[in-house]
Amino acid sequence: MPTDEEVVETASDAAEGLVLSRYKQSAIRDLDVTVRFEDGVLDVDVYLDAPADPDPELVAEEAVLAAESAVDELFDE
C-alpha cells in the first residue's frame, strides 16, 4: 500500500510530466500543480498559463487525468 506522500508525489510528477510533454518549459509562463490525498480521496488541481496552442485549459484537464491514472496504477501494483 503506497504512502500518502508517494501518492501525492506520483500524481504531481505525472501532471507536470504531461504538461512538459506538450510545451517547451521556456514557453510556460506559470504552472501550479496542487495535489491533496486525504482519507483515500485524491484531489488534483492544475493551473497553467501557457501559449494558446495547444489549449492550456485542455492540457490542464489532461494533466489531472494523467495524475489520477498514475495513482490508479500505483494502487494496482
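Residues numbered from 1 in each chain as written. Predicted model: local features only at pLDDT ≥ 70, side-chain atom pairs only at ≥ 80, totals over all residues. Heavy atoms only, no water.

**Q** Provide a residue-level description of the packing of aromatic side chains, including the pertinent values.
**A** The description of two aromatic rings rests on the distance between their centres and on the angle between their planes. Going through the model one piece at a time under the given rule, you end up with one aromatic pair. Arranged with centres 6.1 Å apart and planes meeting at 45 degrees, the rings of Phe37 and Phe75 form a pair that is tilted. Of this pair, Phe37 sits in strand S1 (residues 30-38) while Phe75 sits in helix H2 (residues 56-76), and the two are 38 residues apart along the sequence. Judged by relative accessible area, which is 34%, Phe75 ranks as partly exposed. (Phe/Tyr/Trp six-rings, centres within 6.5 Å; stacked < 30°, edge-to-face > 60°. Helix = DSSP H or I, 4+ residues; strand = E, 2+ residues; numbered from the N terminus. Buried < 20%, exposed > 50% of the residue type's maximum accessible area, 1.4 Å probe, protein only.)

**Q** So, the pattern of salt bridges: which residues are in play, and what are the values?
**A** Under the defined criterion, the tally for this structure stands at three salt bridges. Its salt-bridge partner being Arg36, residue Asp43 comes within 2.4 Å of it at the nearest N-O pair. Judged by its relative accessible area of 33%, Asp43 is partly exposed. Residue classification places Arg36 among the partly exposed residues on the basis of a relative accessible area of 37%. (Salt bridge = Lys/Arg side-chain N within 4 Å of Asp/Glu carboxyl O.)

**Q** Hey, could you go over the environment of Pro56 for me, with residue numbers and the actual values?
**A** Position of Pro56 among the secondary structure elements: in helix H2. Using a relative accessible area of 15% as the deciding quantity, one classes Pro56 as buried. Sequence-wise, Pro56 and Arg22 are 34 residues apart; in three dimensions their C-alpha atoms are separated by 9.4 Å.

Read these as geometric descriptors, not functional statements.
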